[in-house]
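Each chain, written out:
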Amino acid sequence: MAGLELALAVNGSLDDVRSRLVHRTAAPPGTEPLSVGVVGLGYVGLPTALGLYARGVPAIGVDVSAERLAAIRTGTVDLPDDDRGALATALDAGGLRLTDDPALLSDVDAVVVCVPTPVDRHRVPDTAALRAACTAVVEHARAGQTIVLTSTSYVGTTREMLIEPLQRRGLRVGVDVCVAFSPERIDPGVPAHRQRETPRLVGGETPRCSERAARLIGYLTDAVYAVSTPEAAELAKLYENVYRAVNLALANEIADICGHLALDPIEVTTAAATKPYGFLACFPGPGVGGHCIPCDPHYLLWQLRTAAHPAPLIEQAMTAIAGRPRRVVARAVELLADTGGSLRGARILVVGVSYKPGVRDLRGSSALDILAELARRGAEVHYHDPLVPDCTLPDGTRLLTETDPQGTDWDLVLIHTVHPGVEYGWAAGCPRVLDATYRFDLAPHRQLV
């Protein structure tokens, strides 16, 4: 494998991890794909295309959204400054071509599928976009291609949506085409978690599929860890986010316990994290947002329910996560009542509505649920977020950011998301500040959830 060491052991322990890591510092001579098609140009697909271009691999970006393609062309997308510059360079140099025509996928040597896998309002997986993308990839696949699915989904998705349809077309997987699952590991807004330094998993249908996929994914990361099947990689990705969800639910519960005992949950968590083994620090907050943690575990739960297989711990964690915004609202009611006020008619400002600091992403943000519930219960709601000029609540209500919240007579200021580099000193003068982040130290009289 021209310097790549790939072990496909079916069984092993943690000591076996090193034997399955593919360390890659340069492309093996003669193995570079001439071009790669990236299907879906969202928060995973666009950085994927830019990562390929950075390693000298031209990409064709395919997206069905004309609005998204226009935003990419104009650079009005949520990217770090370095990536924003790389995007402009890639577009100018022709290293990233944009299209809404999936027929162009027949011209590339490899395809990476990066479409979103959300859940609906009943938390049932919505695989419409994924099925449509995979159908297009299969329709335009040709012999010699390597096809890698990165979208998180239920176990068996790669087989159901790619491997079996390709075989029905007469393309032998592992011989004519290579297929693998390599789950995305993108952490928007966190510079320390860049693609290059983050290991990736690969699970191919055959050893040759894994080898080809590892070479492709190796352009994006310095380390690829191979597992025996696509299904093993799919469940590993679900496990990653289930693990995080369970621990975040626990962190919020510990925060509530700390409130009962008049202790600081950040101090307690930080102290526990000094243990160098057996503990992963998770910090409480107003809710869990983004695309991964609030959504991905439901793909596993949905699959298990269809087989009547119980998963009570995961179920309880996801129920607790979904209920966290209501807990924040209940605490707001308590705080207003303690000072003789009422939620009905109260002027409430929510500070920060994106789901995490440093990004404009509103997907799954608990701030939207908090604002909607406060409004439903009679409050006059406003928000302040320099990164988000407007937002739409679940009931369709559109709000505009308060560009200058200083000096306004708010009945309650609720801290939801604190962005780096933003001035929040004005909050010190607000008489009632509810800190749902547990770490906002600019208001001396703040109360915690």
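Residues numbered from 1 in each chain as written. Predicted model: local features only at pLDDT ≥ 70, side-chain atom pairs only at ≥ 80, totals over all residues. Heavy atoms only, no water.

### Description of the overall build of the protein chain
The condition that has to hold: To qualify as a helix, a DSSP run of H or I must reach at least 4 residues; to qualify as a strand, a run of E must reach at least 2; elements of each kind are numbered from the N terminus. Radius of gyration means the value over C-alpha atoms here, while the globule rule gives 2.2 Å times the residue count to the 0.38 power. We call two residues contacting when some pair of their heavy atoms lies within 4.5 Å. Only the protein chains shown count as cover for residues, with accessible areas throughout obtained via the Shrake-Rupley method and a probe of 1.4 Å. His is not counted, nor are the chain ends, whereas Lys and Arg count as positive and Asp and Glu as negative. Here the site of a charge means atom NZ of a Lys, CZ of an Arg, CG of an Asp or CD of a Glu.
Summing up its helical and strand segments, the protein chain has twelve helices and 16 strands in all. Taking 2.2 N^0.38 as the reference for a compact globule, 449 residues should give roughly 22 Å; the C-alpha atoms of the protein chain span a radius of gyration of 24 Å, in line with that estimate. Taken over the C-alpha atoms alone, the protein chain extends approximately 75 × 45 × 40 Å along its principal axes. The contacts of the protein chain with a sequence gap of at least 6 include a subset with a gap of at least 24, amounting to 67%. Total accessible area on the protein chain stands at roughly 20,300 Å², and carbon and sulfur atoms take up 54% of it. Taking the average location of the 42 positive side-chain charges in the protein chain and that of its 52 negative ones, the two points are 3 Å from each other.

### Some points on the nonpolar core
Stated precisely, the cut-off is as follows: Put simply, a nonpolar core is a bunch of buried Ala, Val, Leu, Ile, Met, Phe, Trp, Tyr and Cys residues held in one set by side-chain atoms that sit within 4.5 Å of each other. Only protein chains enter the accessibility calculation, which uses a 1.4 Å probe. A residue is then buried if its area is under 20% of the maximum for its type, exposed if over 50%, and partly exposed in between.
In this structure, Val111, Val113, Val137, Ile147, Leu162, Leu166 and Val179 are the most contacted members of the largest nonpolar core, which totals 51 residues. The leading source of residues in this core is helix α8 (residues 230–260), at seven residues. Ignoring anything within four residues of it in the chain, the contact list for Val137 reads Val39, Leu105, Val111, Val113, Ile147 and Leu162.

### A closer look at the packing of aromatic side chains
Rule in force here: Two rings from Phe, Tyr or Trp (for Trp, the six-membered ring) form a pair when their centres are within 6.5 Å of each other. A pair whose planes differ by under 30 degrees is stacked, one over 60 is edge-to-face, and the rest are tilted. Lysine and arginine charges are scored as sitting over a ring when NZ or CZ, respectively, is within 6 Å of the ring centre and within 35 degrees of the ring normal.
Under the definition given, this model contains two aromatic pairs. Between Tyr154 and Trp302 the ring centres are 5.3 Å apart and the planes differ by 55°, which places this aromatic pair in the tilted class. On the criterion of sequence distance, the pair formed by Tyr154 in the loop between β6 (146–149) and α6 (157–168) and Trp302 in helix α10 (residues 296–306) is long-range, its members being 148 residues apart. Taking relative accessible area as the criterion, Trp302 reaches 32% and is therefore assigned partly exposed. Seen from their ring centres, Tyr424 and Phe440 are 6.1 Å apart, and the 80° between their planes marks the pair as edge-to-face. In this pair, Tyr424 sits in the loop between β14 (412–415) and β15 (433–435) while Phe440 sits in the loop between β15 and β16 (447–448), placing the two residues 16 residues apart along the sequence. Each member of the pair, Tyr424 as well as Phe440, carries the same accessibility label: buried. Directly above the aromatic system of Tyr43 lies the positively charged group of Arg363, at a separation of 4.2 Å from the ring centroid. It is Arg439 that lies over the ring of Phe283; its NZ or CZ is 4.7 Å from the centre.

### With respect to unusual backbone geometry
One non-glycine residue, Arg123, lies in positive phi territory at about 60°. Among the secondary structure elements, Arg123 is positioned in the loop between β5 (110–113) and α5 (128–140).

### What to know about the sheet that holds strand β11 (residues 380–384)
Our working definition: Should DSSP find at least two bridges between two strands, the strands are taken to pair. The convention used is that axes are lines fitted to C-alpha atoms, helices contributing only their stretch in contact, and that angles between N-to-C directions extend from 0 to 180 degrees.
Pairing in this open sheet of five strands is parallel, and the strands run β11-β10-β14-β15-β16 from one edge to the other. Every interior strand has two partners, whereas the edge strands, β11 and β16, have only one. Here strand β10 (residues 347–351) runs beside β11; their pairing, made up of five bridges, is parallel. Bridge pairing in β11 links Arg347 to Glu380. The strands that helix α12 (residues 366–376) touches are β10, β11 and β14; relative to β11, the one it contacts most, it runs at about 155°.

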